Amino acid sequence: MVVKKIYDRLLKEYGYQGWWPLIGYDGVNVTKTGSINGYHPGEYDFPRNDDEKFEIICGALLTQNTSWVNVEKALINLKEAGLLGMREIAGGDIEKIKECIKPAGYYNQKGERLKILAEYFWGLGGRVPSRNELLMLKGVGPETADSILLYAYGVSSFVVDSYTRRIVEGLKLIEKGRSYGEIKRFFEAGLGKVGSGERGVGSGEVVDGGGGEKSIDFKIYQEFHALLARHAKRFYLGNKNGEGDFLREIVSV
DNA sequence: AACCAGGACGTGA
DNA sequence: TCACGTCATGGT
């Protein structure tokens, strides 16, 4: 119940966030970025092609412990070098790739891992991967796997990131130090059983949720995660540790 | 000028 | 399992 109330409150406060951010491209130049020109709020039919799908996958890897503005620079470099695609990364020069993604940091390991992803997803041929399959890839941990499932494939698998953790710990909804999976299940159970959705399916790890409740689709999951990120940037970024967070009033009932 | 950013991996208890 | 060091650039 608390979970749903938090979602409703955040949506009312911030509106649709339009994640996952995608770069705009007119065929020659990058025309827009998520951080500058906004995302695609209220639209959930993304990604619309393989290039957009792979861009999300790359972003999910590149943003590991890295701010999104730096990731955008890397993505733009790749795009303008004609390298932002499965075939291009898989067959591209590793040194050139590393040079492009330098702004996103950890460019040596991220470069190698981008190649692994490109080869893997190219070999998939459009099939939807399972969560465990993704976790076997070097460089793909729980958050990256869930981000790929949720935003690249429209699979209802809740994404937990450092923002999410800070909020639930700050609100004392979950004691500090709990595992990724526990926080993930907290939200998924709170939202109810995963069911309908035009794309993808449930993560396979979600159980019941109360029975007979209306099914939740991937759009809520996408929106919720984006809202939590937006909210955390406002109240939990840096050293400010949730001071003034209006969610406290909702929780303490 | 430290500190942090939309983590994950390898290692050693 | 779990804590800890490592990977790296850019913004505040």
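I will try to describe carefully the structure that is included in this document. Not measured: the values here are computed from a predicted model.

1. Some thoughts on the nonpolar core
(1) Moving on: The biggest cluster of nonpolar side chains holds 75 residues, and the ones touching the most others in it are Leu78, Leu114, Phe121, Leu134 and Phe224.
(2) Moving on: Counting residues per element, this core draws most heavily on helix H12 (residues 218-235), which supplies 9 residues.
(3) Moving on: Not counting chain neighbours up to four residues away, the residues in contact with leucine 134 comprise Tyr120, Phe121, Pro129, Val140, Ala145, Ile148 and Leu149.

2. Topic: the protein's contact with DNA strand C
(1) Moving on: Around DNA strand C, the surrounding shell consists of Asn65, Asn70, Lys73, Lys102, Pro103, Gly105, Tyr106, Tyr107, Asn108 and Gln109.
(2) Moving on: Restricting the count to atoms of DNA strand C within 4 Å of the protein gives a sugar and phosphate share of 61%.
(3) Moving on: Taking tyrosine 107, its main chain carries an N or O atom lying 3.3 Å from a phosphate oxygen of DNA strand C.
(4) Moving on: In this structure, asparagine 108 approaches DNA strand C through a main-chain N or O atom, which is 2.9 Å from a phosphate oxygen.
(5) Moving on: The set of elements that each furnish at least two residues to the surface near DNA strand C consists of helix H4 (68-80) and helix H7 (107-124).
(6) Moving on: The dominant element in the surface near DNA strand C, judged by the number of residues it contributes, is H7, at 3 residues.
(7) Moving on: Across the surface near DNA strand C, the residue classes tally to 3 nonpolar, 5 polar and 2 charged.

Definitions and cut-offs
Along each chain, residue indices are assigned from 1 in the same order as the chain's sequence is written. Chains carry letters from A onward and ligands carry numbers from 1 onward, assigned in written order. In keeping with the predicted nature of the model, local features appear solely for residues at pLDDT of at least 70, side-chain atom pairs appear and are counted solely at 80 or more, and the whole-chain, interface and lining totals rest on all residues. Excluded from the side-chain calculations are hydrogens and water; all other atoms, namely the structure's heavy atoms, are used. Residue types Ala, Val, Leu, Ile, Met, Phe, Trp, Tyr and Cys, when buried and joined through side-chain atoms within 4.5 Å, form a set referred to as a nonpolar core. Only protein chains enter the accessibility calculation, which uses a 1.4 Å probe. A residue is then buried if its area is under 20% of the maximum for its type, exposed if over 50%, and partly exposed in between. Note on conventions: DSSP H or I runs of at least 4 residues are helices, E runs of at least 2 residues are strands, and numbering of each starts at the N terminus. Contact criterion: two residues are considered in contact whenever any of their non-hydrogen atoms come within 4.5 Å of each other. In this text, near means that some heavy atom of the residue lies within 4 Å of the molecule or strand in question. In the analysis that follows, any N or O atom pair within 3.5 Å is treated as a polar contact, provided that within protein one partner can donate a hydrogen and the other can accept it, and provided that, for residues neighboring in sequence, both atoms belong to side chains. Polar here means any residue outside two lists: the nonpolar Ala, Val, Leu, Ile, Met, Phe, Trp, Tyr, Cys and Pro, and the charged Asp, Glu, Lys and Arg; Gly therefore counts as polar.

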